[in-house]
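# Coordinate analysis (summary)
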Amino acid sequence: MKKMWNCTGGENSCARKRIFRIMKLSLFFVTVLTFQLSAVTGWSQNEKLNLKMENSSITEVIHSIEAQTGLSFFYQNEQLKSVAPVSVEAEGETVTEVLTGMLANTDLDFRIIDKHVVIFPAGEKKSELPLSQQDELPVRGKVVDSDGNPVPGVTVQIKGTQTGTITDMDGNYSLQVPDDAATLIFSFIGMQTRQVMLDGQTEVDVTMKEAVLGLDEVIVVGYGTQQKRDLTGSVSSVSDDEIASLAVPSVSDALQGKAAGVQVISTGAPGSDATIRIRGLGTINDNNPLLVIDGVPTKSGLNLLNKDNIKSIQILKDASATAIYGSRGANGVVIITTKRGTSGQSNINVRYSYSTQEATNNLDMVNASQFATMHNEMMANAGREQNPAFSDPASLGVGTDWQDQLFSIAPMHDMSVSYSGGSEKTSYYVSGSILDQEGIVMNTGFKRFNLQFNSDSKVFDKVKFGNSLTLTHDKKYSGAYDVGSTLRALPTQPVYNEDGTYAGPVGRPEWVGDIRNPVGSASVIDNTTKGYNVIGSVFAEIDILDGLKFKSTGGLEANFWYDRSWSPAYDWEPTPEPDSYLYQSSNRSITWLWDNILTYKKTFNSVHDLTVMLGTSAQENRFDFMNGSIKEFASDKTQQLDSGNDEQEIGGNASEWSLMSYMGRVNYDFSDKYLVTATVRRDGSSRFGSGNKWGIFPSGSVAWRISEENFFNNVDFVDDLKLRAGIGYTGNQEIGNYAFASNLSIIKYNFNNSVVPAVVPIVMPNPIVQWESQEQINIGFDATFLSQRLNITVDAYQKNTSDMLVPMSVPISTGYSDIYVPSINAGEMENRGIELSVGSRNIEGDFTWDTDFNISYNENKVTSLNDSVPMATGNLGFDFQPSRIAEGHAVNEFYGYVSDGLFQNQQEVENHAVQIPGNDPYSRTSAGDIRYRDLNSDGVINDADRTYLGNPSPDLIFSMNNKFTWRGFDLSVFLQGVKGNEILNANRIWSEGMAVAVNQTTATLDRWQQEGDMTDMPRAVFNDPNKNTRASDRWIEDGSYLRIKNIVFGYNLPGRWIERAGMQQARVYFSGANIYTFTNYDGVDPEVGANGIDNGLYPVTRTLSLGVNITF
Amino acid sequence: MTACGEDFLIKAPLDSINTENFFETEQDAIYAINGAYQPLQWPKLYNMRMWTTDIMAGNSIVGAGGGDDGRETQDLANFVTTTDNPGVLDLFRGPAPGILRSNVVIENVPGMDIDEDLKERIIGEAKFLRAHYYFIMVRFFGDVPLILEPQEPGDDLRPSRTNKEEVYQQIIADLTDAKTSLPVKSEYSDADQGRATRGAAAGLLAKVYLARGEWQKVVDLADEVATLGYELNDNYGDNFQVSTENSKESLFEVQYVGGAGEGFWDNENQASWLSTFTGPRNSNMVAGGWGWNQPTEEFVNSYEDGDLRKDVTVLYEGGPDFDGMQYDPAYSVTGYNLRKFLVTKSIADAYDNSPLNFPVLRYADVLLMKAEALNELGQTADAETPLNAVRDRAGLPDIESGLSKEDFRAKVLHERRMELAFEGQRWFDIIRVEDGQWGLDFLHSIGRVNASEKHLLLPIPQKEIDANPNLEQNTGY
C-alpha cells in the first residue's frame, strides 16, 4: 500500500480532516478487495461534460471535470504521474465516456461511486460477480464512528462472498442480502473491522472504532502533525476510547499504564493531579513533563480537563521528539488534543456515571484493651508509672476505630453533555461537564465544572480560523484531616465526650498521647481552594501557495485560585484554640502566547518528500498573590476578614517570566524508505542571567523502513518494519524565575525606637545559572505483522543530564546564607532504559480479543553532585531524613542502619558493638531491642554504620490490557504494576514504634516480651532508649505490585431498540478502578508517591461506577 | 527582533532590589549601611549568644525549663562543647553576614555621587561595624578567614584562616579610620541616635588594645572618649531603662523597638529577647518569663554590702518588688533571677515586643579599662580615680589606696564583673587576662572544673569546615 493519494475534491473536502483522508484509502480498498459495488444511486456518471484540453496532464483534466460536475476524484499520485499527457475534447459527453476515452491507453481504470470517482490500476480490477436476484432481503443501516459521526466509504461486505457496497456521505448503506447470509463485515482503513450477525434483521447500524495502531494514525508532534509511519522519534499515543469509560475522575489517572516508559503515580486525594514521570527521573529538581493543551504549553494540571473532551494524548519521549520544545523538553512532553467538530454531521452526546469509592485497604490497628496492655508494658519497661486508667485493660473493650470514623464510602457523579457538528465552512464542538466527587476522608471532596468550545471556520477560501477554549471552575475542600493522626489516635479515647463535644487526650501525654481529635479537626476546620481556569487559543491558517501554509496562534492561559481556611475557636484537649482564625489568599497567573508557524510540504520527483517547518514562539507569564489572615471573631457566622479583631496579617508578591523561541524542523523522506528528521530550537529565557539568556537545542533522527525494500517483498507476514535512531539535546528551565539575580532584600533595623528600612544581600548570587541540559540517544523499531494484527514497538535509550542544578555549598564566612544557597549547574545524572509495547488483535470476527501490553525498564544514577557530600532528603520532621541523593546512587535512595534481629538478653547486648550504653537499665540498649550491624566493625554503632537500603524508583513498570467484544458487548481488563522499588513505610515508625502513646498496628501484638520470644518485633518501651525507630531497613518494604487497575464492561444497545428514541448509539457500562492489588507491601496501598515514603497519605481508592453514554 | 527579544527577556525580581541599579541615591547608601547594623540584633549575637556567654563565664546557669532546654548553652557552660554546637554555629553565622554587609558598603559607596560628608560617615559606620564583627569572631575563634570584599561564585570561597594578628591589624585600621570619619554623638539628629559615633569607635578601639595589652593606647583612647562628652549616668539603672536609652553614658547600644509585628524570632527580630528570656518562669512578672540566665549564689554573694547595682541586676528574695510584684525564689533553680533587662508589662504587653536596647559599650566600661591599663602601666595610684568613679556611682566607698598592682588588678576585674554583669563582657575578661590562665583559675574555683585551655577558643563549627575544608580546627576539638 502506498500513501501518496491525493484528494482533489475541492478545498472543502480536503479540509474536512481525517474522515476524508481515510475515505480515499478506503475507496482504494474497494478495488483491491475485489467485490462488486452496487451503489444505490449513480446519477452523476451520466452528467454531461463540455471540455477541451490539449496535451494536458491527467491531473489537470481531472481538476476540470471536478470543476464542472462536483465529482470528487480519488487516485494515487504516483500512478497518474507515469501517464503521458492527454488531449480531451468533449461536447455533451458523459463523464464515463470521457474517462473511458482518456484512460484507454493507460493501465488505469476507474469507477464512479455516487459522487466519487476512483482511479486505480486496471490490473487490480477483478471480475464482477452479478448479484443473484433471488431470495434476497434488503438490508440497510448507518455506520457511525465512536463520536457518533457518520462514516462514508465504509465497505460493507457479505461474509463469505465478494458482494458488498460502500456507505454514502451520510454513512448510510443499503444492500440486497441473500436469505442465507449470516454476517456483514464492515471495514474501513484506520478503523477496526466489525462483523455483525444479521439474524434476519433488515436494519443494521454499526459503530466503528478507530484502529489505534494504524500506521496512518495522525500523531501530533509539536508545531505540526505526522503520520505514525513517518515518525523517526519515540512517541506514544493514547486515544480517547482508551480512557473514555475508566472510573477515574482525572485525565492523569487515566494515563496510568497506557504508554511504555511513562510512570503515573496516583493519589487518592480528590482533585489532586497524579505525578507523571517519563523515562525515570532526569534531574533531582523538577521532573514534571511539559504539558501542551491544544497548542498552549501550560503549568495547569491535567485535572482541569474533562476526559470526555480529549481526542488524543501524545507523549513525546525521546529527545529527537522533544527537542522542538527546547529548554522545556527534557522531562518529556505530554500533548493533549481536544475534540473538534466534523462538517456535515451534528450530534449530541450525553454521558453520566455514578461511582462509589472506598479505601483499597485499612490498616489493622490494636483495640483499646490490647493498647492498654501494650502501654502498661511500655511504661514498665521504662521504669515509669503506668496509667491507672489502664489497670484493667480487658474492661476497656474494643474502643474507638478511628479509621472507621474518618473513612467512609463516598459517591462520585460525573456528567457531561456535548454537541458537535458543522457545515462545509464551519464546525464546532461544545461540551459542558460536571464532576462531583466526595472523598473517602470525611468532609473532603472535589467539584469541577468544565466547558469546552472548539470551532473551525473557513472564512475565505484560503483562510481558516479556529479556536480552542477550555473553561473550568473547580473547588477542592477538606477539613484539617490528618491520615497519620488518625492511625495514631488512641483507641482508648472516645470520639465524643458525653456532652457531645469532641473528646481529646486529657492528662499526662505519656499516658494519653497528644493527638488532637482527628474527627474534630476534619469536621470543624474548613479548607477550600476554588479555581477558575481558562486555556484558550485562536488561530488563523493561511494557504499561501500550494504546500505552503502559515499559521498564527494566539493563546491565553489564565488561572485564578482562592484559598480559604477557617477554624472556629474550640476548647478540646490537648491544644485548645481560643481564637477563631481565617486565612484567605487570592492568586492570579496570566500567561499569553503567540506562535507563528510556516509549513512547507512538497514532493519532488515523486520520491522526495520534504516538509519544512519554521516558527517563532513568545510566551510571558505574571503571577500575583495576596493573602491575609486574622484572628478572633465575635461570631462564627461572620467569617470575613473584616470581622476579625486580632493579629491581622497581610502578605503578597508577584513574579514574572518570559520565553522567546525560534524553531525549525525538516522532515525528509526518500521513497518511503529513508526518513530523516532534524529539529532545532533556540530558546531565550528570562530565567537565565544576562550573559546566558539563549540556548540552542538541536536533534536529529533517522528511520529506515526495511519493509519497503525490494528484498523484503517476499516476507509476507511483515506489513511494516521501521528502524529508528535519534539523538537530541534538550533543557530543563524549571530553575525558578530569578535564580540568576543578585538580589538585595529589604529588611528593617531601627534607630532610637523608629524603624528604618535596610537593604542587604542574603543569598549568594549566581549570575551564570542556566538550564539543565540533557542529551538523549534513542534507538528503536516499529513492526507491524499479519495485516496489522500485531504491532510491536521497542525503544532503548540513554539519557545523560548535565548542568543539573545542585545546591552550592556556601561557607558561612562569605557572609551569605549557608541555608538559602544558590543552585549551581554542577550535577550530572544518567538514565538508561528499554521499552517494549505490543498490540495484538488476537481474535477478529464476531468475537474479538485484543491485547495491549507494555513494559519498560529504567535505571537511574546520580553521577555527580559537585561536592561529594550527599544531600539528605525526605524529611519526616524532627530532622529525620531517611533518604539521600548521593553520587553513584539512584535519586532518593533510602539510607540507614541494618537491623540484625533482637537481643534476647543483656549478655548479648554486652557482646555486641556498643549501641546505647549506660548504667541506667531503663535508658540503654536492653534485651528485646534491635541489634544493628556494625558495618565498619569499629565496635560502636554510630552514623558511620548506615548504608543504602533501597531505591524508591521501580526497575520495571508494566501494564496489560485485554479487550473482548462480542456483538454489543465489550469487556476490558487492565492490569498494571511496578517491580523493583522499595517503600519506606513511615507510618510504622509511629504505629509500630511502641515508644510513645500512639496507637499501634496489630503486628505489635507479636512483640518481644521475654527471653526466647522468636520475633522481629522489638519490645515495647517508652522513649525508645535503643532508638529502635531510627531510620533502618526495618521500615523498608518491597513496593512491587500488580494491580487489576481497571475493568470496563459495556453494552451497546442494538440500533433497533434505540432508534425510536432518536438515538444513534446508547451504551451502558460498568467500570471499576483499583479492583484488586497483589503486593507484599504492608501499608494501605503501595502507590505512595515518587519519593517512596508512605507517611499519612490520602489512600488510593477503589472505585466502582455505572455509566451510560448516549449519542443522538 | 533579537533586540526586541532581549528586552522582552529581562525580568528582574519584583520583591527585591537588583544590585545593578542600587547604590545610586543617598537613601540607597543609608539603607545599605542600616543593613550592616542589623545582625547585631540577632539572637546569634546580642539578642542571645552574646549575653549567654555570662553563663559560660560563671555568673549564672541556663535555668530555663530544665532538661534539654538551652542544651547548647549548658554544654558550653559545662565545657563539653562539640563542633556541632548550635550556639557556636550562631557565633559564626552572626558576624559573617555583618561583615559582608559592611563590605558591600565599603565597596560600593565610595564611588557614589552623593554628599561627601554623608559618604564619609557611612563608610566610617561600615568600618566600625566590620571591625566590631571581626573583633567578636577573633576573640571567640582566634584565626578566622579575613574577607574584605563581597564574594561571588568564581572567587576563592574557601580561604584558609588568617592569622589573628593580621585580623587585629585590620580591626585597628578600620577603627582608626572610623574614629576620624565618624561624627560625634551630638552631631547626629535624634532620629539617628544609635549609629556608630567617633566615641564608639574610640571606645571600641580602646577595648581592642585592652585585649592586646597595649595599655598606653587604652589610656589615650579612654582620655579621648572623655573629651567627647561622655559621663556616667547618675543612676546605674538608667543604663537599662527604655526611657533613658542612648544616654550620656552610652557609647554604643544595639537598638531594639517594640510594637507587635516588628518581628521577634530568627533574623527578623526588632524586639529584644532579654525580658522574655530572663523573666522569672511562671512568675507573671513580665510578658513571657522563660527563666534563662539565673545568677548563681556565688555571683550574688560577690556584691559588696551596699552595692546599689545588686537591686538593679538581680531578683532575690527580699529584694525590691518588680512592677509591684514580690519575687519568689521558687521561680528559679538558683533562687535568683536576672532583673537588669526586664521591662514591665506596661512597656511590653506581649513576649515579643520588648523595646529595650542592649548596651554594648558604656562609659563605665571605658573608665574601668583606663583604670586597668594605668595599673598595668604601673600608675596604680592614677588608676584609682576612674575605678572610684564607677564605685561611687554604685554607692560604694573608694577602694583603699596603695594597693599592689596585683591587688588592684583583682579589684578592677572584680569591679568589671559586677558593673558589667550579664552584658556579655565577662567571658572576654576570662579569656583575656594572663592569656586566660586567670579565667581558668576562676572557673575552677567556682566548680567549673572541666574548663581547660582549649576552651578559651570555641571550635570552628563542623558545618563550616564541611563547606570549607581549608579551615583547620582549633586545637583540642
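In this text, all values refer to a predicted model and were calculated from it rather than measured experimentally. (Residues numbered from 1 in each chain as written. Chains lettered and ligands numbered in written order. Predicted model: local features only at pLDDT ≥ 70, side-chain atom pairs only at ≥ 80, totals over all residues. Heavy atoms only, no water.)

### With respect to the side chain of Ser972 of chain A
Examined against the element boundaries, Ser972 of chain A turns out to sit in strand β50 (residues 969-979). With residues up to four places along the chain from it excluded, the contact list for Ser972 of chain A reads Asn961, Asn962, Lys963, Asn1046, Ile1047 and Val1048 of chain A. (Helix = DSSP H or I, 4+ residues; strand = E, 2+ residues; numbered from the N terminus. Contact = heavy atoms within 4.5 Å.)

### Notes on the interface of chain B and chain A
Each partner contributes residues to the interface: chain B has 60 residues there, and chain A has 58 residues. Considering only the side of chain B, the residues that lose the most area to chain A are Phe8, Leu9 and Lys11 of chain B, jointly responsible for 15% of the buried surface there. Summed over the shared surface of chain B and chain A, the result is 3 salt bridges. Between Arg93 of chain B and Asp818 of chain A there is a salt bridge, with its nearest N and O atoms 2.9 Å apart. For the pair chain B and chain A, the interface holds 20 residue pairs in polar contact (both at pLDDT 80 or more). Going through the elements one at a time, α1 (2-8), β1 (17-18), α2 (26-37), α5 (86-93), α6 (95-108) and α19 (462-467) of chain B are the ones with two or more residues in the side of chain B that touches chain A. A class-by-class count of the residues in the side of chain B that touches chain A yields 30 nonpolar, 16 polar and 14 charged. Alignment of strand β37 (residues 743-751) of chain A against β1 of chain B, held across 2 bridges, turns out to be antiparallel. For Leu744 of chain A, the partnering residue across the bridge sits in β1 of chain B and is Ile17 of chain B. (Buried area = accessible area lost by both parts, 1.4 Å probe. Salt bridge = Lys/Arg side-chain N within 4 Å of Asp/Glu carboxyl O. Polar contact = N/O pair within 3.5 Å; in protein donor to acceptor, adjacent residues only side chain to side chain. Nonpolar A, V, L, I, M, F, W, Y, C, P; charged D, E, K, R; others polar. Pairing = 2+ DSSP bridges.)

### Some details on the nonpolar core
Core analysis: the biggest nonpolar cluster contains 159 residues, and Tyr46, Phe128, Ile171 and Trp427 of chain B have the highest contact counts within it. Of the residues forming this core, the biggest block, 15 residues, is contributed by helix α7 (residues 116-141) of chain B. Look past the residues within four positions of Tyr46 of chain B in its chain and what remains in contact with it is Leu40, Trp51, His132, Ile136, Val254, Tyr256, Leu274, Phe358 and Val360 of chain B. Judged by nonpolar contacts, the second largest core, of 29 residues, contains Leu246, Ala254, Ile276 and Leu304 of chain A. (Core = buried A, V, L, I, M, F, W, Y, C linked by side-chain atoms within 4.5 Å. Buried < 20%, exposed > 50% of the residue type's maximum accessible area, 1.4 Å probe, protein only.)

### So, the packing of aromatic side chains
A complete count under the given rule lists 56 aromatic pairs over all chains for this structure. For the ring pair Phe751 of chain A and Tyr37 of chain B, a centre distance of 5.0 Å and an interplane angle of 90 degrees mean the geometry is edge-to-face. Taken together, the residues Phe751 of chain A in strand β37 and Tyr37 of chain B in helix α2 connect one chain to another. Taking relative accessible area as the criterion, Tyr37 of chain B reaches 0% and is therefore assigned buried. Each residue in the set Trp51, Phe264, Trp265, Trp273, Phe277, Trp290, Trp292 and Tyr351 of chain B is aromatic and connected to the rest through ring pairs, giving one cluster. A cation over a ring is seen here: Arg488 of chain A above Trp990 of chain A, with NZ or CZ 4.3 Å from the ring centre. It is Lys11 of chain B that lies over the ring of Phe8 of chain B; its NZ or CZ is 5.7 Å from the centre. (Phe/Tyr/Trp six-rings, centres within 6.5 Å; stacked < 30°, edge-to-face > 60°. Lys NZ or Arg CZ within 6 Å of the ring centre and 35° of its normal.)

### Observations concerning the environment of Gly424 of chain B
All names here are of chain B. Residue position: Gly424 is located in the loop between α16 (405-419) and α17 (426-432). Owing to a relative accessible area of 3%, Gly424 belongs among the buried residues under this scheme. As a C-alpha pair, Gly424 and Gly63 span 361 residues in sequence and 17 Å in three-dimensional space. The residues contacting Gly424, other than those within four sequence positions of it, are Met50, Trp51, Thr53 and Asp54.

### Points about the sheet that holds strand β11 (residues 172-178) of chain A
Residue and element names in this part refer to chain A. Read across the open sheet, the 3 strands follow the order β11-β8-β14; overall the sheet is mixed. The two strands at the open ends of the sheet, each matched to only one other strand, are β11 and β14 (206-208). Strand-to-strand, the axes of this sheet are offset by a mean angle of 35 degrees, without reference to chain direction. Note: strand β8 (residues 136-145) against β14, 3 bridges, orientation parallel. For Val143, the partnering residue across the bridge sits in β14 and is Val206. (Axes fitted to C-alpha atoms, helices over the stretch in contact; angles between N-to-C directions.)

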